[in-house]
Each structure stands twice: as C-alpha cells, then as structure tokens.
2 protein chains.
Amino acid sequence: MSNHQSRPGGRTARVRADVLRAVDDLTTEQPLTQLTLAQVAERSGVHLGTLYRRWGTLDGLLLDAVAERLTTGSPIRDTGNLHADLEDYAHRVAEDLSGPDGQLLLRTLVAVRLGTKAELPPALTRRFDEMQALLDRARARGENPPTLQQVVDIVVAPLYTALLFGTTPANPATLVDRLLKLHPDQ
Amino acid sequence: MSNHQSRPGGRTARVRADVLRAVDDLTTEQPLTQLTLAQVAERSGVHLGTLYRRWGTLDGLLLDAVAERLTTGSPIRDTGNLHADLEDYAHRVAEDLSGPDGQLLLRTLVAVRLGTKAELPPALTRRFDEMQALLDRARARGENPPTLQQVVDIVVAPLYTALLFGTTPANPATLVDRLLKLHPDQ
DNA sequence: GGTTTGACGCGAAGATGTTCGCGTTAGGCG
DNA sequence: CGCCTAACGCGAACATCTTCGCGTCAAACC
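Reading guide: rules and limits
Residues numbered from 1 in each chain as written. Chains lettered and ligands numbered in written order. Predicted model: local features only at pLDDT ≥ 70, side-chain atom pairs only at ≥ 80, totals over all residues. Heavy atoms only, no water. Helix = DSSP H or I, 4+ residues; strand = E, 2+ residues; numbered from the N terminus. Buried < 20%, exposed > 50% of the residue type's maximum accessible area, 1.4 Å probe, protein only. Contact = heavy atoms within 4.5 Å. Areas by Shrake-Rupley, 256 points an atom, 1.4 Å probe, with all protein chains shown as cover. Core = buried A, V, L, I, M, F, W, Y, C linked by side-chain atoms within 4.5 Å. Buried area = accessible area lost by both parts, 1.4 Å probe. Salt bridge = Lys/Arg side-chain N within 4 Å of Asp/Glu carboxyl O. Polar contact = N/O pair within 3.5 Å; in protein donor to acceptor, adjacent residues only side chain to side chain. Nonpolar A, V, L, I, M, F, W, Y, C, P; charged D, E, K, R; others polar. UniProt positions renumbered as here; feature names shortened; annotations may be inferred. Domains from an automatic or database assignment. Least-squares fit on C-alpha atoms with pLDDT ≥ 70 in both. Axes fitted to C-alpha atoms, helices over the stretch in contact; angles between N-to-C directions. Left-handed = near helix turned anticlockwise from the far one by under 90°. Phe/Tyr/Trp six-rings, centres within 6.5 Å; stacked < 30°, edge-to-face > 60°.

A closer look at the overall build of chain A
Stage number 1. Across its full length, chain A holds 9 helices and 0 strands.
Stage number 2. Reading the helices (α) and strands (β) of chain A from amino to carboxyl end gives α-α-α-α-α-α-α-α-α.
Stage number 3. If you line up chain A on its principal axes, its C-alpha atoms span 60 × 50 × 30 Å.
Stage number 4. Within chain A, the fraction of its 186 residues that count as buried is 45%.
Stage number 5. Taking contacts inside chain A between residues at least 6 apart in sequence as the whole, the part at least 24 apart equals 66%.
Stage number 6. With the model as given, the accessible surface of chain A reaches about 9700 Å², and the carbon-plus-sulfur share is 50%.

Next comes the structure, spelled out in structure tokens:
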C-alpha cells in the first residue's frame, strides 16, 4: 500500500508559485484593502474555487505570502559581535515593516490573533528562534546578553507600534543602544 | 432662515446608543471575527440600512464604539508625582488591551492604518495629548521627564506587541521603572 | 507503461454583503 | 402649535463572496 496522502510537487507547487507571485504583484500595485481573492484568481490564472479550497480566506493566503517572503529573506547574522548582530537584526525588522510587507504582516497578524487559530506565522516564530539562538551563543561566549523578551519589548515593539500609530519609528541603532545600556555586559 | 444642517438629539442619539450597546454586548459574547452588521441590526432593533448610512462599514462602527468606550473611561491622573502617574497610566493601558476592548482597538487601528483615512481614533490622540500635558507639567515643576515618544516606545509599545504576538505582557511597573532608569531625573 | 487518486478547472447555485428609492416619523424652530 | 426636513424604517434590487458537484489532468507509486 502506498502512502497517497499529499502531493506537494509538480503542478501543485506551480499553482502556489503563480498565486504567490500574483499576490506580490497586486500588493505593490494597489492598496491592500481593495485586494480580493477574485483579483488574485484572475491575475494568476488559477481558478477562484482553488484559492478557497487551498487557503480558505484571503487572510490565510496573505499569511502564506508573507511567510514565504520573510522566510526566503536572508537569515539573522551571527558574526560573534552581539552589538553588531542586534543592530543588523533591528535594521532588518525596520526595513521589513516599513515596506508593503509591513502592512501585510500587521493585517495577517491581527487576523490570526483575532480568529480561531492562536498560532503565529511560522516565519515569525522562526525569526524568534534564530534570535534566541543568537543570544544563547553570546552567553556561551561568556557575555551577559539580554533575554528574548527584552529584545522584543525594547527593540522590536517600538517598530511595530510606529507602524500601528503611523508615527515615524525610532532609529534602530538608538533602540539597540537603549537595550544594551539597560543590560550592560557584566 | 434656520440652520437645519444636523440633528444630533432625540431619536438619533437613542439609535446610536442602542447600536453601541448592541456592539458592546455582541463583542463580549463571541469572537470579534464573526461579528457582522446584520447581527448588530437585529440585536439593536435598528434597521440594517441605517447602519450603512451612518457608519458606512463595520470598521467605522467599531471605531465609533472604541472611541466612545475609551472616552467615557476615566482620564489620566495628574497627582504631581510623575512616577506614580506613569504607573497608573501604564496600568490603565494594560487593562484596556487585555479585555475585549483590546481586540476591538487593535482591529480598528489596523483598519484605519490600512484604509483611506490616515487619522487615528480621536480617543487615542486625546490620550496622547493628556500624557504630553502630564510630561509638560512635570517639566514645569523642575523635573526632567522623558519625551512622549520615549513613553510610547518603552511603556506602551510592549503592551501592544504582547497582544499582537499572543505572549504574556511585561509588568506595567517594570516598564515604567525601565523608562525612568533610562531617563533619570536630573 | 499502467493504475490510483489528489488537486485543479469549470460553472452554477447559494449565501452574504451593500445600495437605493420611497414613505413615515419626529427633532428643531418660528 | 404647526411647518420643514433630517434621520429612520422598509424591502427590493444589486453586487460580491463562498460553496459545491462533476469531469479532467497529472503526480506518485508500482
């Protein structure tokens, strides 16, 4: 007996790629609020029914698109210099949030948190895991790094709320300095 | 010639009150995602067409509901002790975000930021203004208070991201201590 | 290659969401 | 009190969103 439970290759993968590319194109051409599944269907050449079957809702599809983009983006650096790595990370987050991906991420995050599913997008937990690993390695080197929650609260959170409130975000370097000033090595 | 441009009293006010009460009830009974204008119409006894006429969209109605709730809430204290006032404020924000109001606020904020309107809910800007006045008075007393952006970044932002990521928020007192430690009086 | 079957295309049906015109009610004002 | 008209009730028309069944195609395994 063969295990014929899923079939991720070939045409399925091609359809997914077409759809995600259509989402990418459409989100750069127009405001996110007027994006519909019907538009994605027409642009991608994939039938509307297929979109409902595979992704269920527009938010589900957008979540997949964001996860894909952020995952394919370059991972967190680990150069051995905690200060430099944190600045690099903060810069990356600030960049991600300032672009169209920021709006996308915010929208899907809220949709997920307010919906039935309580889970974060895989791409986000992956980033947090990478950051945790970075901090662990710093500790292994004998440094006294901050906790993950401190990094999130002091460096990441202000970047998100700037997007939420429409204010200009603080400089990433300033945020990292603030974090390390609160939590000096040794 | 009379000025017959608006008519805010009497029945109009009653309808608005009925509708907002229905929103309050429904948001505590079920997840926010499955709330519809049709539900609000049925519960409040106000015709569906009226809801579309006055509020346009569900998000518009929710925005009004949030503004009403946050405005009727007690204002920021100003006891003359900056530390105590900040803690009181932080506590209040944490409370607001933890309940059903938090989801409501988050959803409307995202809707506003992603929609055509670029303006924040008046209730929020009002809170920020009150906080700014608090800081100004502290400065007038001869203290050296942090800036509004620092208060938002260090105290408010982590409370919002905790809701966004589904993590347990940091203690409000801890956040205020962190702010004042970074920015000692004199 | 041949067989199995998961995923897709297709279009129609069903469910929801949104707008509109018209008659009625009641607030504001003289 | 009586006029004017903004705001509402009403329901039908319109638009959009979502689901469903069926036939076809091609990926996965032999």
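There's more to say after this.
Overview of the nonpolar core
Stage number 1. Grouped together as the largest cluster of nonpolar side chains are 115 residues, with contacts concentrated most on Val40(A), Tyr160(A), Phe165(A), Val40(B), Tyr160(B) and Phe165(B).
Stage number 2. The dominant element in this core, judged by the number of residues it contributes, is helix α8 (residues 148–165) of chain A, at 10 residues.
Stage number 3. In this view, Phe165(A) contacts Leu109(B), Arg113(B), Leu120(B), Leu124(B), Phe128(B), Val152(B) and Tyr160(B); residues no more than four positions away in its chain are not counted.

Considerations on the environment of Ala111(A)
All names here are of chain A.
Stage number 1. Tracing the backbone through its elements, the reader meets Ala111 in helix α6 (residues 100–114).
Stage number 2. You can call Ala111 partly exposed: its relative accessible area is 21%.
Stage number 3. Counting along the chain gives 48 residues from Ala111 to Leu63, while the straight-line C-alpha distance between them is 9.3 Å.

Let's talk about the interface of chain A and chain B
Stage number 1. With 32 residues of chain A at the interface, the matching set in chain B holds 33 residues.
Stage number 2. In total, about 2800 Å² of surface goes out of reach between chain A and chain B, with carbon and sulfur atoms giving 70% of it.
Stage number 3. It is Leu114(A), Leu164(A) and Phe165(A) in chain A that bury the most area against chain B; as a group they hold 26% of the surface buried on that side.
Stage number 4. At the surface where chain A touches chain B, the tally comes to 0 salt bridges.
Stage number 5. Counting across the interface, chain A meets chain B through 0 residue pairs in polar contact (both at pLDDT 80 or more).
Stage number 6. Of all elements in the fold, only α6, α7 (122–140), α8 and α9 (172–182) of chain A reach the threshold of two or more residues within the side of chain A that touches chain B.
Stage number 7. Per-element tally for the side of chain A that touches chain B: the top contributor is α8(A), with 12 residues.
Stage number 8. Tallied by class, residues from the side of chain A that touches chain B come to 19 nonpolar, 8 polar and 5 charged.

Quick notes on the UniProt feature "domain: HTH tetR-type" (unreviewed entry) in chain A
Stage number 1. On the UniProt side, "domain: HTH tetR-type" (unreviewed entry) is annotated at positions that read residues 13–73 of chain A here.
Stage number 2. The annotated region residues 13–73 of chain A carries 79% helix and 0% strand content, and the separation between its end C-alpha atoms amounts to 19 Å.

Considering the domain arrangement of chain A
Stage number 1. Once the domains are mapped, chain A shows domain 1 (11–56) and domain 2 (77–182).
Stage number 2. Summarising the inter-unit geometry, the C-alpha centres of domain 1 of chain A and domain 2 of chain A are found 29 Å apart.

Overview of the relation of the copies chain A and chain B
Stage number 1. Superposition record for chain A on chain B: RMSD 0.2 Å, screw rotation 180 degrees, translation along axis 0.0 Å. Viewed as a symmetry operation, the transformation between the two copies matches a two-fold axis. Taking C-alpha positions as the reference, the residue of chain A nearest the rotation axis is Ala157(A), at 2.6 Å.
Stage number 2. Taken as a fraction of all interface residues of chain A, those also at the interface in chain B reach 100%, which identifies the copy contact as same-surface.

Examining the UniProt feature "DNA-binding region" (unreviewed entry) in chain A
Stage number 1. The positions UniProt marks with the feature "DNA-binding region" (unreviewed entry) are residues 36–55 of chain A.
Stage number 2. Here residues 36–55 of chain A runs as 80% helix and 0% strand, with 13 Å between its end C-alpha atoms.

Points about the packing of helix α2 (residues 37–44) of chain A against helix α3 (residues 48–55) of chain A
Residues and elements named next belong to chain A.
Stage number 1. The geometry of α2 relative to α3 is characterised by a closest axis approach of 8 Å and an angle of 115 degrees between their N-to-C directions. Here α2 and α3 pass one another in a crossing that is right-handed. Of the residues in α3, those in contact with Leu37, Ala38, Val40 and Ala41 of α2 are Leu48, Leu51 and Tyr52.
Stage number 2. The residue inventory of the contact of α2 with α3, partitioned by class, reads 7 nonpolar, no polar and no charged.

Describing the pattern of salt bridges
Residue and element names in this part refer to chain A.
Stage number 1. In this structure the tally under the stated criterion is 24 salt bridges over all chains.
Stage number 2. In this structure, the salt-bridge partner of Asp78 is Arg137, at a minimum N-O distance of 2.1 Å. Within this pair, whereas Asp78 is found in the loop between α4 (58–72) and α5 (82–98), its partner Arg137 is found in helix α7, the two being separated by 59 residues in sequence.
Stage number 3. The exposure class of Asp78 is partly exposed, given its relative accessible area of 31%.
Stage number 4. As a salt-bridge pair, Asp96 and Arg127 come within 3.3 Å of each other at their nearest N and O atoms. In this pair, Asp96 sits in helix α5 while Arg127 sits in helix α7, placing the two residues 31 residues apart along the sequence.
Stage number 5. Connected through salt bridges with shared partners, the residues Arg16, Asp64 and Glu68 form a single ionic network.

Focus: the packing of aromatic side chains
How two aromatic rings sit relative to each other is given by the distance of their centres and the angle of their planes.
Stage number 1. Taken as a whole and assessed by the stated rule, the structure comprises 4 aromatic pairs over all chains.
Stage number 2. Measuring from centroid to centroid gives 5.5 Å for Phe128(A) and Phe165(B), while their planes differ by 75 degrees, and the two rings are edge-to-face. One end of the pair, Phe128(A), is in helix α7; the other, Phe165(B), is in helix α8 (residues 148–165), on a second chain.
Stage number 3. A relative accessible area of 14% means that Phe128(A) is categorised as buried.
Stage number 4. Judged by relative accessible area, Phe165(B) falls into the buried class, the value being 5%.
Stage number 5. Seen in terms of ring centroids, Tyr160(A) and Phe165(B) are 5.3 Å apart; in terms of plane orientation they differ by 85 degrees. Their pairing is edge-to-face. Of this pair, Tyr160(A) sits in helix α8 while Phe165(B) sits in helix α8, placing the two residues on different chains. Take Tyr160(A) and Phe165(B): they sit in the same class, and that class is buried.

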